[in-house]
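Descriptive analysis of the structure
Each chain, letter by letter, is given below.
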Amino acid sequence: MNTKDDIIKLENKLLEAIKISDVDTLDHLLHNDLLFITPQGQTVTKQMDLDAHRAGLMVVIEIQSTIEQINMIGNSAVVTVIYKTIGIMMGNPIEGNFKYIRIWNLFDDGFKVVGGSCMMV
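Scope of this entry: the structure provided in the associated data block. (Residues numbered from 1 in each chain as written. Predicted model: local features only at pLDDT ≥ 70, side-chain atom pairs only at ≥ 80, totals over all residues. Heavy atoms only, no water.)

So, on to the pattern of salt bridges. Scanning all chains against the criterion turns up six salt bridges. Glu 68 is the salt-bridge partner of Lys 99, the closest N and O atoms lying 2.9 Å from each other. With Lys 99 in strand β5 (residues 92-107) and Glu 68 in strand β3 (residues 58-73), this residue pair connects regions lying 31 residues apart in the sequence. You can call Glu 68 partly exposed: its relative accessible area is 45%. For Lys 112, the salt bridge goes to Asp 109, with nearest N and O atoms at 3.2 Å. (Salt bridge = Lys/Arg side-chain N within 4 Å of Asp/Glu carboxyl O. Helix = DSSP H or I, 4+ residues; strand = E, 2+ residues; numbered from the N terminus. Buried < 20%, exposed > 50% of the residue type's maximum accessible area, 1.4 Å probe, protein only.)

With respect to the helices, strands and loops of the structure, Ile 88 is situated in strand β4 (residues 76-89). For Ile 88, a relative accessible area of 34% corresponds to the partly exposed category. Sequence-wise, Ile 88 and Met 58 are 30 residues apart; in three dimensions their C-alpha atoms are separated by 5.9 Å. Residues contacting Ile 88, with those up to four places away along its chain left out, are Leu 57, Met 58, Val 59, Pro 93 and Ile 94. (Contact = heavy atoms within 4.5 Å.)

The strand order across the open sheet built from six strands is β2-β1-β6-β5-β4-β3, with neighbouring strands paired in mixed fashion. Bordering the open sheet on either side are β2 (43-45) and β3, each of which pairs with just one other strand. Strand-to-strand twist of the sheet, defined as the mean angle between neighbouring strand axes without regard to direction, takes the value 20 degrees. In the sheet, β4 pairs with β5 via 14 bridges, with the strands oriented antiparallel. Of the residues in β5, the one forming a bridge with Val 79 is Arg 102. Taken strand by strand, helix α1 (residues 4-20) contacts β1 (30-37), β3, β4, β5 and β6 (110-120), and its axis lies near 165 degrees from that of β3. Each of β1, β2 and β3 touches helix α3 (residues 46-54); the most contacted strand, β2, lies at about 80 degrees to it. (Pairing = 2+ DSSP bridges. Axes fitted to C-alpha atoms, helices over the stretch in contact; angles between N-to-C directions.)

Written out as structure tokens, the structure is:
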């Protein structure tokens, strides 16, 4: 499993898990050493992300994704995607288009997200 089509399937699986706060799927798809930078410049770890989903701090009302580009580089994939999002994050309403860069790396048990960031566009 190391094609762009495989990464598209994983991106869709990740999106579905985010929509419903499926912590088990997120736990499987995110690497334990994940580092992610939010639009406000905060560094988020896997544990912080999972805890936010468990606590109901991330509520997705509507989300649509458009994958812009996938670069396969050795055992890694670098993905840029736009999310059109309406929701509530940490008690604050959010609405807009957010551009993400996400890095997937292949491990013995499959691809995992190891890093990324997003910004409002």
